[in-house]
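# Descriptive structure summary
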Amino acid sequence: MKFELKITSSKDFWAGLMFIAFGLAFWYIAQKNYAMGNAVRMGPAYFPVVLGGMLAVLGAVIFAQAFVAKSSDPAVALPFRRWYLIAALILGVIAFFFRDARDPSLPGYAFWKEVAQANATIFSIILLFAAFPLRVFPFRLWRVLVGLGLGELAYWWYTKLPPHDANIAAVIGHTLLSGVAVGLIFAAFGERSLWVILFSVVIFGYVLKPLGLVAATILLVVISAWGGHEFKWKEVTILSIALAAFSWLAFVKGLGLPMNVWPGLWE
Amino acid sequence: MDLFSNLALGFSVALSFQNLFYCLMGVLLGTLIGVLPGIGPVATIAMLLPVTFTLNPTSALIMLAGIYYGAQYGGSTTAILVNIPGESSSVVTCLDGYQMARQGRAGPALGIAAIGSFFAGCVATVIIALFAPPLAEVALKFGPAEYFSLMVLGLIAATVLAHGSLIKAIAMVILGLLLGLVGTDVNSGVARFSFGVSELSDGIGFVSVAMGVFGFAEIIANLEQKEKREIFTKKVSNLLPSLQDFKDSWASILRGTALGSFLGILPGGGALLASFAAYTLEKKVSKNSAMFGKGAIQGVAAPESANNAGAQTSFIPLLTLGIPSNPVMALMIGAMMIQGIAPGPQVMTERPQLFWGMIASMWVGNLMLVVLNLPMIGMWIKLLMVPYRILYPSILVFCCIGVYSISNSPFDVMQTAAFGVVGYIFVKLECEPAPLILGFILGPLMEENLRRAMLLSRGDPLVFFQRPISLTMLLIAALLLAVVLAPAVRKKREEAFVEA
């Protein structure tokens, strides 16, 4: 069954959700993992729990405003499937309350705990996604998933790498893989300029040590220039070489920052 | 008199060859980034923070301060000639400045902006020298309860004065406070919210947050818009305003300076707010308010004086209380911490060279800026012709090298990229990032003072209301909130920000 919520401000809608998510995350992590203490001797959890709660409440207010506020955004109707949403909420509540059921003498305790903890959470998330047709989410889901998968792979590979960047193929392969992973995740959201710029920055961070400042700067300039409106090869080439030379002179020669200037892989 | 011997000390520090050089570097850089749209003082200072580690503290702070007030000068050039604010605080200068340029009066507009700024800069320097010492003395008596209430007041003021939705601004402050808590808790030694990442146990890098949210996100947002920049006046002649111009604008300069100096001191204030308020005031008091928006010289003189005055007096809370009033000041705190200086009232007594040297350098810097801006205006106009597609990769390179050199590891670069995404989302959702930055820097301080205050009062929260200074500050904070929430003011506030 399909219902529609009339949202008058989609910005408030997403901002509200964002604040609620941040607030709950801080609140939950703090109260679960750290000591609360009391008002006289505050533990590490005290302040974050209070602030997280406040943030979630403010987020809820902003979220509520999305349905009543008069704003400059056009009114958006958010379609959703009612029963899916209700089921998702129920499962979410179950997952939450069973998260630390503490009576192992009950029959089937382990099984139910497992179900409640993991599966209810997963199911509720899936149902939540199903409740809203995908097009209301402003990102491309498959790119996120592939990106996360590649990132996981890159991380696994990273843990296997020898500490001194000895293997050039591994370094380049790993860099490319994780770069593509991050790029894909970014690419799922927003426009090209967003992910191209951030992609170039991430690549720079990875290659600076193994390939040196000059190569890293050239890569950064060439890739980031591609994120703009015009790309002129000649201009970009000159710019990248000039900037590489300048940063070498200013930062390494002038300020004495300790950085590899040339590829240090073969040393 | 004490003041004069202090100022003499300050000038002896500021006029040393090394400090003159760094002051010049600062104001040059400031003018440069002020002229260039798309990069502001926050990103620039964040970029240079790691580099300042190699300098001595006084030179470092002199240079960074120069960037901030230098940007106020540079911003007006772009606003007048291109109708794009080179700096957010010169948004209102576009209104009348560009109109003046279209009427062939770009020269006087630039001239009056520089003269007004210089006058305001001189006055603000004196105000800092006069008011900072007594304030610091009061601040020395502050206990944890007072500090906590002061921070509450500062954060509330910052949200009230931010534009856009008030409730979103408060949410951003709280999010900033929470992000500031990431890392090892000083009392218990527990690494909070670090998820086992060793780099995060030192906390999220302040430079990463500031540069991601202000630098990267801004570049991306700029790239999404089609570039259009028309330079109206290629050649500016006759920079000196006529006698009539002076007659028209001297009162505006005075009013702008006074208002700007006052608003700069307020927590949450600074150049941006000062320029908006000065323009609104000028329009109210002017006899021919119909001329505003059509090239009234008062509409250039007042906000330009105000933003420079505000930029400088916003150093007062930083130097006396150790509390930042805007993101730039938050970065200055970062710079002081890098140098091992704990910001607060003791800076003035323990490091008089630094304190007075910085104040004196502001006057010196303002003098340099007049020279830089008036006779050398042609150079800055040439710079404006550099297209953005060349500028932004250059900005990125400097940002990335700056971030990388914080700890020589890719981690900070990744972190900055992540905050670039976050900042981009903020832009899209119309959440102002400035309150977040303030919250971020104040998070740990606030928790620490709250803990101490509660420990001293044995868990009695009434302590914040029993101590008179603390109570006053909380009352002002409550009053501010109440005033803004009152329907009539709320409407006015929205109008005030829409207008410009």
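Just so it is clear, the structure is predicted and the values come from calculations on it, not from any experiment.

## Some thoughts on the overall build of chain B
Along the backbone of chain B there are 23 helices and two strands. The C-alpha atoms of chain B give a radius of gyration of 22 Å, which matches the 23 Å a tight globule of 500 residues would have. For chain B, the C-alpha atoms occupy an extent of roughly 65 × 50 × 50 Å along the three principal directions. Across the 500 residues in chain B, those meeting the buried criterion constitute 62%. Pairs at least 24 residues apart make up 80% of the contacts formed inside chain B by residues separated by at least 6 positions.

## Focus on the pattern of salt bridges
Side-chain pairs of opposite charge can arise whenever the charged atoms involved come near each other. Residues and elements named next belong to chain B. Taken as a whole, this structure holds nine salt bridges over all chains when the rule is applied. A salt bridge links R192 to D185; its shortest N-O distance comes to 3.6 Å. Residues R192 and D185 agree in their burial class; the two are buried. With a shortest N-O distance of 2.8 Å, R192 and E447 are connected by a salt bridge. Placement of R192 in strand β2 (residues 191–192) and of E447 in helix α20 (residues 434–456) is noted, with a sequence separation of 255 residues between them. Just as R192 is buried, E447 falls in that class too. Counted as one network, the salt bridges with shared partners bring together D185, R192, E447 and R451.

## Considerations on helix α19 (residues 410–428) of chain B
With 19 residues, α19 of chain B extends 27 Å between its outermost C-alpha atoms, agreeing within 8% with the 27 Å of an ideal straight helix rising 1.5 Å per residue. Taken together, the buried positions of α19 of chain B are D412, V413, Q415, T416, A417, F419, G420, V421, G423, Y424 and F426 of chain B.

## Side note on the nonpolar core
F19 of chain A together with F315, M332 and F464 of chain B are the most contacted members of the largest nonpolar core, which totals 179 residues. When residues in this core are grouped by element, the largest group, twelve residues, is from helix α18 (residues 388–407) of chain B.

## With respect to the environment of Q244 of chain B
Note that Q244 of chain B resides in helix α10 (residues 243–265). Each C-alpha atom, one on Q244 of chain B and one on V386 of chain B, is 35 Å from the other, the two residues being 142 residues apart in sequence.

## Observations concerning the interface of chain B and chain A
Each partner contributes residues to the interface: chain B has 64 residues there, and chain A has 64 residues. Between chain B and chain A, a total of about 5,700 Å² is buried, with carbon and sulfur atoms accounting for 80% of that surface. For K168 of chain B, the salt bridge is made with D12 of chain A, and the minimal N-O distance between the two is 3.0 Å. Linking chain B to chain A there are eight residue pairs in polar contact (both at pLDDT 80 or more). Residue assignment for the side of chain B that touches chain A shows that the elements contributing at least two residues are α8 (166–181), β2, α9 (206–224), α18, α19 and α20 of chain B.

## Quick notes on the packing of α9 of chain B against α18 of chain B
Residue and element names in this part refer to chain B. It is at 11 Å that the axes of α9 and α18 come closest, and there the two elements cross at 165°. What the angle tells us is that α9 and α18 run roughly antiparallel. Every pair of crossing elements has a handedness; the one defined by α9 and α18 is left-handed. Where α9 approaches α18, its residues V207, S208, M211, F216, I219, N222 and L223 are matched on the opposing element by Y388, Y392, I395, L396, C399, C400, V403 and I406. Considering only residue class, the contact of α9 with α18 consists of 13 nonpolar, two polar and no charged.

## As for the confidence of the model for chain B
The predicted model of chain B averages 81 in pLDDT, with 92% of residues at 70 or higher. With pTM at 0.78, the complex prediction returns an ipTM value of 0.79.

## Considering the packing of aromatic side chains
This model, assessed by the stated rule, comprises twelve aromatic pairs over all chains. Each ring, one from F355 of chain B and one from W356 of chain B, has its centre 5.1 Å from the other, and the planes form 75°; the classification is edge-to-face. W356 of chain B matches F355 of chain B in its accessibility class, with the two residues each being buried. Following the ring pairs from residue to residue traces out a cluster consisting of F13, W14 and F63 of chain A.

## Considerations on the packing of helix α5 (residues 91–102) of chain B against helix α12 (residues 298–313) of chain B
For any two helices packed against each other, the geometry is given by the interaxial angle and the distance between the axes. Residues and elements named next belong to chain B. It is the contact of α5 with α12, at a shortest axis distance of 8 Å, that shows an interaxial angle of 145°. Remark: the crossing between α5 and α12 carries left-handed chirality. Judged by residue contacts, V92, T93, D96, G97 and M100 of α5 engage G299, V300, P303 and E304 from α12.

## A closer look at the confidence of the model for chain A
Confidence along chain A averages 72 in pLDDT terms, with 53% of residues attaining 70 or more. When mean pLDDT is compared element by element in chain A, helix α2 (residues 46–68) of chain A scores highest at 89, while helix α4 (residues 109–131) of chain A scores lowest at 58.

## Here we look at the environment of T349 of chain B
Residues and elements named next belong to chain B. Take T349: it is sitting in helix α15 (residues 346–350). The class of T349 is exposed, set by a relative accessible area of 53%. Residues T349 and M151, 198 residues apart in the sequence, show an inter-C-alpha distance of 23 Å.

## What about a nonpolar patch on the surface?
A cluster of nonpolar side chains, W83, I86 and I90 of chain A, forms an exposed patch at the surface whose accessible area comes to about 310 Å². Here I90 of chain A is to be found in helix α3 (residues 82–97).

## Focus: unusual backbone geometry
With a phi angle near 55°, E430 of chain B is a residue other than glycine that sits in the positive phi range. For E430 of chain B, the location among the structural elements is in the loop between α19 and α20.

Rules and cut-offs
- Residues numbered from 1 in each chain as written.
- Chains lettered and ligands numbered in written order.
- Predicted model: local features only at pLDDT ≥ 70, side-chain atom pairs only at ≥ 80, totals over all residues.
- Heavy atoms only, no water.
- Helix = DSSP H or I, 4+ residues; strand = E, 2+ residues; numbered from the N terminus.
- Rg over C-alpha atoms; globule rule 2.2 N^0.38 Å.
- Buried < 20%, exposed > 50% of the residue type's maximum accessible area, 1.4 Å probe, protein only.
- Contact = heavy atoms within 4.5 Å.
- Salt bridge = Lys/Arg side-chain N within 4 Å of Asp/Glu carboxyl O.
- Expected span 1.5 Å × (residues − 1).
- Core = buried A, V, L, I, M, F, W, Y, C linked by side-chain atoms within 4.5 Å.
- Buried area = accessible area lost by both parts, 1.4 Å probe.
- Polar contact = N/O pair within 3.5 Å; in protein donor to acceptor, adjacent residues only side chain to side chain.
- Axes fitted to C-alpha atoms, helices over the stretch in contact; angles between N-to-C directions.
- Parallel < 35°, antiparallel > 145°, perpendicular 65-115°, else oblique.
- Left-handed = near helix turned anticlockwise from the far one by under 90°.
- Nonpolar A, V, L, I, M, F, W, Y, C, P; charged D, E, K, R; others polar.
- pLDDT = per-residue confidence, 0-100.
- Phe/Tyr/Trp six-rings, centres within 6.5 Å; stacked < 30°, edge-to-face > 60°.
- Patch = residues over 30% accessible without salt bridge, like charges linked within 9 Å, V, L, I, M, F, W, Y side chains within 5 Å.
- Areas by Shrake-Rupley, 256 points an atom, 1.4 Å probe, with all protein chains shown as cover.

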